[in-house]
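# Breakdown of the fold
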Amino acid sequence: METTPLPPRVLVIGLDPRRVPGDWDPEPVVEAIAAGFARFVEHDVGVQPCLVGLDGSDDIPAVITAALKATDWECVVVGGGLRVGDEQVQLFEQVINLVRRHAPDAAIAFNSSPNDTFDAAARWIDTD
C-alpha cells in the first residue's frame, strides 16, 4: 500500500493590514496577500496565515506562539511588514526568537512582498 506524503506545511507570520493603524488603504495589501496565498494552492502546498494586528487587539507573542505550536512546520515565512522600519525591530526580534524556540526544525524565509510569499517558502521546501 502506497501512501501519499502530506503537502509541505508553511506558516506565514505577518501583519494584518486591516489592523495596522494609520491613514492608508489596506485593501491593496489584503488583495496581494490573497493572491500570494493562492499560489500555495496552485502548487498543492499547505499554508496557514498568522496575521497579527498592531492596533493593540492582539497579544502578539501569544498568537504567534499558538500558531507555531499548532503543528510541525517545515517553513515559517516572516512577512516584510514585521521587518521594515525601526519601529518594528523589537517585534521582529521577538518573532524570530519565538520561531527558534517553538519551531526549531523549520526553515525561516523572508518575502519581499505578499506576492512572492510562495517563492520565499519554495526556496526552502520541496514543492514537487
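Relevant structure appears above.
What comes next is a walk through the structure.

Definitions and limits used
- Residues numbered from 1 in each chain as written.
- Predicted model: local features only at pLDDT ≥ 70, side-chain atom pairs only at ≥ 80, totals over all residues.
- Heavy atoms only, no water.
- Salt bridge = Lys/Arg side-chain N within 4 Å of Asp/Glu carboxyl O.
- Buried < 20%, exposed > 50% of the residue type's maximum accessible area, 1.4 Å probe, protein only.
- Phe/Tyr/Trp six-rings, centres within 6.5 Å; stacked < 30°, edge-to-face > 60°.
- Helix = DSSP H or I, 4+ residues; strand = E, 2+ residues; numbered from the N terminus.

### Details of the pattern of salt bridges
Going through the model one piece at a time under the given rule, you end up with four salt bridges. A salt bridge links aspartate 16 to arginine 19; the shortest N-O distance between them is 3.0 Å. You can call aspartate 16 buried: its relative accessible area is 18%. In this structure, the salt-bridge partner of glutamate 27 is arginine 18, at a minimum N-O distance of 3.0 Å. Under the relative-accessibility criterion, glutamate 27 is labelled partly exposed at 30%. Here the salt bridges share partners, and the residues they tie into one network are Asp16, Arg19 and Asp58.

### Brief notes about the packing of aromatic side chains
Two measures describe an aromatic ring pair: the distance that separates the ring centres and the angle between the ring planes. With the rule as written, the count across this model stands at three aromatic pairs. Centroid distance phenylalanine 37 to phenylalanine 40: 6.0 Å. Interplanar angle 35 degrees. Geometry classified as tilted. A residue pair is termed a helical-turn pair when its members lie 3 or 4 positions apart in one helix, as phenylalanine 37 and phenylalanine 40 do in helix α1 (residues 27-42) at three residues. Across the pair, exposure class does not vary: phenylalanine 37 and phenylalanine 40 are buried alike. With centroids separated by 6.1 Å and ring planes inclined at 55 degrees, the aromatic side chains of phenylalanine 92 and phenylalanine 110 adopt a geometry described as tilted. In this pair, phenylalanine 92 sits in helix α3 (residues 89-102) while phenylalanine 110 sits in strand β4 (residues 107-110), placing the two residues 18 residues apart along the sequence. A residue is classified by how much of its surface remains accessible, and phenylalanine 110, at 34% relative accessible area, is partly exposed. Taken together, the ring pairs connect Phe37, Phe40 and Phe118 into an aromatic cluster.

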